[in-house]
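# Reading the structure
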Amino acid sequence: MMENGGYVGQYGQEESYMEQEEEWEREGLLDPAWEKQQKKTFTAWCNSHLRKAGTSIENIEDDFRNGLKLMLLLEVISGETLPKPDRGKMRFHKIANVNKALDFIASKGVKLVSIGAEEIVDGNLKMTLGMIWTIILRFAIQDISVEEMTAKEGLLLWCQRKTAPYKNVNVQNFHLSFKDGLAFCALIHRHRPDLIDYSKLSKDNPLENLNTAFDVAEKYLDIPRMLDPDDLINTPKPDERAIMTYVSCYYHAFQGAQQAETAANRICKVLKVNQENERLMEEYERLASDLLEWIRRTMPWLNSRQSDSTLAGVQKKLEEYRTYRRKHKPPRVEQKAKLETNFNTLQTKLRLSNRPAYMPTEGKMVSDITNSWKGLEHAEKAFEEWLLAETMRLERLEHLAQKFKHKADTHEDWTKGKEEMLQSQDFRNCKLNELKALKKKHEAFESDLAAHQDRVEQIAAIAQELNTLEYHDCASVNSRCQRICDQWDRLGALTQRRRQGLDEAERILEKIDLLHLEFAKRAAPFNNWLDGAREDLVDMFIVHTMEEIQGLIQAHDQFKATLGEADKEFNVIIGLVRDAEAIVKQEQVPGGLVNPYTTLSADLISRKWSEVRALVPQRDQTLANELRKQQNNEMLRRQFAEKANAVGPWIERQMDAVTAIGMGISGSLEEQLHRLKEYEQAVYAYKPSIEELEKIHQAVQESMIFENRYTHYTMETLRVGWEQLLTSINRNINEVENQILTRDSKGITQEQLTEFRSSFNHFDKNRTGRLAPEEFKSCLVSLGYSIGKDKQGDMDFQRILAVVDPNASGYVQFDAFLDFMTRESTDTDTAEQVIDSFRILASDRPYILPDELRRELPPDQAEYCIQRMPPYKGPNAIPGALDYMSFSTALYGESDL
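Throughout this description, residue numbers start from 1 for each chain and increase along the sequence as written. pLDDT decides what is reported in this predicted model: residues at 70 or higher carry local features, side-chain atom pairs at 80 or more are listed and counted, and totals for whole chains, interfaces and linings draw on all residues regardless. For the side-chain quantities, the full set of heavy atoms in the structure was used; hydrogens and water were omitted.

Attention shifts here to the overall build of the protein chain. Only DSSP runs of H or I covering at least 4 residues are called helices, and only runs of E covering at least 2 are called strands; the numbering of each starts at the N terminus. Scanning the protein chain from terminus to terminus reveals 34 helices and 4 strands. Split into buried and exposed, the 897 residues of the protein chain put 46% on the buried side. Pairs at least 24 residues apart make up 74% of the contacts formed inside the protein chain by residues separated by at least 6 positions. Whether a residue is buried, partly exposed or exposed follows from its accessible area with a 1.4 Å probe, protein chains only, as a fraction of its type maximum: under 20%, in between, or over 50%, in that order. By definition, residues are in contact when any of their heavy atoms lie within 4.5 Å.

Below is the structure:
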């Protein structure tokens, strides 16, 4: 429409001729030369049309005053007949004729403001130029359309595209860009290279360039001279209306070539989509191969259960596994997410461009990658469990091996010389008291031997446990245990044999030394008690809980409670020795100080008693240190549980929220995408909490803590939950973006999309994001899709099902459902349309030549077509002819090319 003497239409922005002139004049931007340029250009433009009626004008402000030639001009350019003009020469006749012309302009949808018939009749130059400019806009420029742009922008884009390959030409506007004449020459050479030798033109000769272009256009293109080369060169900024008017004549002169350009644009668009799809396919294959190869290389390491059977070796493997989880796996998690995102995007683009679905090479399907990834996760879990179990086992083995060595050393120290003593025949040549002493000594030895029976059984039990746990040096343990058991059997047999010998000699010897015997009887068990107590006080232990260490402390407290009775027994035993020494001294018994019944002495008992009393506070300190360690472990358990009990529910809440958004229950797609982005940012912002929990978990493992009663969460479940949350967010973002791409490219409304989502969710009872065939069928019926219940209806439904579920998975995803519903109501490019476009470029021939492709298409896409088009083998084929029909059908999967 016209406002204030201007015109608003497909030209785009408001073109208020009078107001713009006045504004430029106020700002000092109005160049007086513009009016001269417009007058010359508009006059030439009018004459280019009036000559078709056998007339012309000389002075634009005078020759239109009576309205006759103005009406004639409108009839010529519109092809319509205006009302019969008034032939009188009075002023009111002229005004009537001009009004008829202005009414005709208004009938074409142009609203004229501030332009009246009186100003035209009075010869107002500015008003006359504004009126002619309005006519030029309506009948010469309005119909120009390039890629849905406004007329001015479309005309400018047309000039830019046609002159893009030419040196020293950069069209940015309709004034300075055309001042040196090269742009006009480039437009002519682009469409008629036979008229101008562009290589001989120079930017430094604008006058020659302009004259060349105007002369050629007038002589060969029937475009009259509308511009003055001197005016263009001498005006700092030429008038853009004049240049637009002249350039529009070029556009209409070459309008026939525009169809070829439109066809080329369609082909470029189709080929660009195909090239992008091929790039995504190649990237998917590369990423899939790399990820599967990494999993293949990693699996043997995770499945290996070989170790050097040492605690240090297993701990080294555990540290290697932690490094793998921290450094090596996270990039692969991101790679897997990117792989799935690229695959979904590719499939969406293929559906939107009406191409067949992409099928990866064998072994590289998304399902294959998912199965391999699940296998990797199972192997990781089993490997970590094995490492922890192996650590506990080897730690237990080291403890048992040290305990076995300590008890075996003690036992072998005790048995030294025992076999020689039992084999001795000394009792046959001794006196009666010596014989009795030997017998009592032997009885004491038997008591001692019985007391050591438990130790031998403990040694055998420890050796058995080491064998059960597969201790790496079982051979030496078994050999030593066997030697101890064989020696023990010999000691038993030798003891029995010596006992028989003493009994036989006892009939001869009757007197015994009761005091020495009493000492031996008391000293032997007390000595054994001292040995056992000393063993217990220096015994190594390993605990994992507060209850275990508290049990050891309680047992130690009970032991300390018996020290009072032991002290009394010690005093009694020492008292026996003192009494014996007193009797020997008093009675002067030869050899009476020698106790024939035992090898124990008061000094030995005293020394061992002192050692036991000294070991008690040391044991107290050891147990106190272990208690502090277990208290620290308890603190670590609580720290981990507190953090895990916060992180676990948080992950679950985020997963539920993301799942709800992915179901599209409420809000537009943009709102869903925005919320998913917010959740993605929140999840990455929460990552420090996961890293802090990893640090606590590392401290827990380093402290050898294997259970935690304060939480049911483990680090493995939290890691899996975290990775699943990231994957779910990325997948839902990708799905929403694909839905937006589908909606925008197919032109469906938000209400339609909401209706599709609501119907889909209604039948998706389990909120799985997919429908079974019967659920999908019910959903189609609810949306008004007619499916008969007869055999034909079943066949129609199976055809639809083959479209939405090409892989026969048994389920229909929402993306496929949405693609089907939008395809039912929208139109897309087809193979027939592409063939028609190629046919235009080929001038209706059934084949096309490489030179024609290079002339009409961008270089990369022209070469793309030349490399992939098969040779044309039909009738009248010429060398180099290409078959564009087979190529076009192959783009849409309708042939095997």
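A word on the packing of helix α9 (residues 182-191) against helix α10 (residues 206-220). Helix-helix packing: each pair is described by the crossing angle between the helix axes and the interaxial distance. Comment: axis = line fitted to C-alpha atoms, over the contacting stretch for helices; angle = value between 0 and 180 degrees taken between N-to-C directions. Running from amino to carboxyl end, α9 crosses α10 at an angle of 35°, the nearest separation of the two axes being 8 Å. Crossing geometry of α9 relative to α10 is assigned as left-handed. Across the interface between the two elements, L182, F184, C185 and I188 of α9 pack against N209, L210, A213, F214, V216 and A217 of α10. For any pair of crossing helices, the crossing counts as left-handed if the nearer helix is rotated counterclockwise from the farther one by less than a right angle, and right-handed if it is rotated clockwise.

This paragraph deals with helix α24 (residues 669-685). With 17 residues, α24 extends 24 Å from end C-alpha to end C-alpha; this agrees with the ideal 24 Å at 1.5 Å per step. The set of residues buried in α24 consists of L669, Q672, L673, L676, E680 and V683. The buried residues of α24 occupy an angular sector of 95° when the element is viewed end-on, so they sit on one face. What points out from α24, more than 90 degrees from its buried face, is the exposed set Q681 and A685. For a helix, the expected span equals 1.5 Å multiplied by the residue count minus one. Working definition: the arc comes from the directions between the helix axis and the C-beta atoms, pointing outward to the latter.

Taking 1.5 Å as the rise per residue, helix α18 (residues 453-468) with 16 residues should run 22 Å; its terminal C-alpha atoms sit 23 Å apart, in good agreement. Taken as a whole, α18 has its buried residues at R455, V456, I459, I462, A463 and L466. Along the axis of α18, the buried residues cluster in a sector spanning 125°; they form a single face. Exposed side of α18, more than 90 degrees from the buried face: Q464 and T468 are the residues found there.

Before going further, it helps to examine the nonpolar core. Nonpolar side chains in soluble globular proteins tend to be buried together. What we call a nonpolar core is a set of buried Ala, Val, Leu, Ile, Met, Phe, Trp, Tyr and Cys residues that are connected through their side-chain atoms within 4.5 Å. Counting residues in each nonpolar core, the largest one holds 78 residues, and the members touching the most others are W45, I135, F178, F184 and Y250. Here the element with the most residues in this core is helix α7 (residues 125-141); it accounts for 12 residues. Among all residues touching Y250, those that are not within four sequence positions of it are W158, F184, L187, I188, A213, A217 and I223. Counting 41 residues, the second largest nonpolar core, distinct from the first, contains L302, Y321, Y324 and A401.

With that out of the way, let us pick up the environment of Q654. You can see Q654 is positioned in helix α23 (residues 602-662). Taking the relative accessible area as the measure of exposure, Q654 reaches 11% and is therefore buried. In sequence terms Q654 and Y679 are 25 residues apart; their C-alpha atoms lie 7.6 Å from each other. Those residues in contact with Q654 that sit more than four places away from it in its chain are Y679 and L725.

This part is about the packing of aromatic side chains. A pair of Phe, Tyr and Trp rings is counted when the ring centres sit within 6.5 Å of each other, with Trp represented by its six-membered ring. The angle between the planes then sorts it: under 30 degrees is stacked, over 60 is edge-to-face, the rest tilted. In the structure shown here, the tally under the stated rule is 28 aromatic pairs. An angle of 45° between the planes, with centres 5.2 Å apart, marks the rings of Y284 and F343 as tilted. Linking Y284 in helix α13 (residues 255-303) with F343 in helix α14 (residues 311-352), this pair joins segments that are 59 residues apart in sequence. Y284 gets classed as buried once you look at its relative accessible area, which sits at 1%. Judged by relative accessible area, which is 12%, F343 ranks as buried. Taken together, the ring pairs in this structure connect F174, F178, F184, F214, Y246, Y250 and F254 into an aromatic cluster.

It is a probe the size of a water molecule, rolled over the atoms, that shows where empty space is left. A pocket, in this scheme, is an open set of points on a 1 Å grid over the protein atoms alone with protein on both sides within 12 Å along at least 5 of 7 lines, while a cavity is a set where a 1.4 Å probe fits but cannot get out; residues line either one if an atom lies within 4 Å of a point. Grid points are joined across faces, edges and corners, and a volume is the space filled by probe spheres set on the points. A volume near 810 Å³ is recorded for the second largest pocket. Lining the second largest pocket are 28 residues, and of these R325, R326, P330, K687 and E694 lie nearest its centre. The set of elements that each furnish at least two residues to the lining of the second largest pocket consists of α14, α24, α25 (687-702) and α26 (715-746). In terms of residue count, α14 provides more of the lining of the second largest pocket than any other element does, 10 residues in total. Within the lining of the second largest pocket, the residues separate by chemical class into 10 nonpolar, 5 polar and 13 charged. Charged residues are taken to be Asp, Glu, Lys and Arg, nonpolar residues to be Ala, Val, Leu, Ile, Met, Phe, Trp, Tyr, Cys and Pro, and polar residues to be all remaining types, Gly included.

Turning our attention to unusual backbone geometry. For N354, which is not a glycine, the phi torsion comes out positive at approximately 65°. You can see N354 is positioned in the loop between α14 and α15 (366-415). On the basis of relative accessibility, which here comes to 27%, the residue N354 falls in the partly exposed class. In this structure, D844 is a non-glycine residue whose phi angle is positive, near 65°. Following the sequence through the fold, D844 ends up in the loop between α31 (831-841) and α32 (850-856). Residue D844 is classed as exposed on the basis of its relative accessible area, which comes to 64%.

On to empty space enclosed by the protein. A full pass over the atoms with the stated rule returns 1 cavity of 30 Å³ or more. Put simply, the largest cavity is a space of about 40 Å³. As for the largest cavity, its lining consists of A337, E340, T341, N344, T727, N730, R731 and N734. Elements with a minimum of two residues in the lining of the largest cavity: α14 and α26. In terms of residue class, the lining of the largest cavity is built from 1 nonpolar, 5 polar and 2 charged.

Attention now moves to the pattern of salt bridges. Side chains carrying opposite charge are able to pair once their charged atoms draw close together. We define a salt bridge as a contact between a side-chain nitrogen of Lys or Arg and a carboxyl oxygen of Asp or Glu at a distance within 4 Å. Here the structure, examined in full by the defined rule, presents 55 salt bridges. Among the salt bridges present, the one from E385 reaches K381, with a minimum N-O distance of 2.4 Å. Highlighted residues: E385 and K381, both in helix α15, separated by 4 residues, approximately one helical turn. Salt bridges sharing common partners tie together R325, K329, E380, E694, E716, R719 and E723.

With respect to the element layout, N734 can be found in helix α26. Those residues in contact with N734, other than ones at most four positions away along the chain, are T341, N344 and T345.

We now examine the UniProt feature "coiled-coil region" (unreviewed entry) in the protein chain. UniProt records the feature "coiled-coil region" (unreviewed entry) for residues 270-297 in the present numbering. For residues 270-297, the helix share is 100%, the strand share is 0%, and the end-to-end C-alpha distance is 41 Å. UniProt positions are given in the numbering used here, feature names are shortened, and annotations may be inferred rather than shown by experiment.

On to the environment of N234, then. With respect to the helices and strands, N234 occurs in helix α11 (residues 229-234). Along the primary structure N234 and K179 are separated by 55 residues, whereas in three dimensions their C-alpha atoms are 9.5 Å apart.

A few words on the state of the cysteines. We call a pair of cysteine sulfur atoms a disulfide whenever their separation is within 2.5 Å. Taken as a whole and assessed by the stated rule, the structure comprises 0 disulfides. Unpaired in terms of disulfides, C485 finds its nearest cysteine sulfur in C481, a separation of 4.1 Å. The exposure class of C485 is partly exposed, given its relative accessible area of 23%.

Our focus in this paragraph is the environment of K336. With respect to the helices and strands, the residue K336 is situated in helix α14. Here the alpha-carbon distance between K336 and T727, two residues 391 residues apart in the chain, equals 8.9 Å. Residues in contact with K336, not counting those within four places in the same chain, are L291 and W373.

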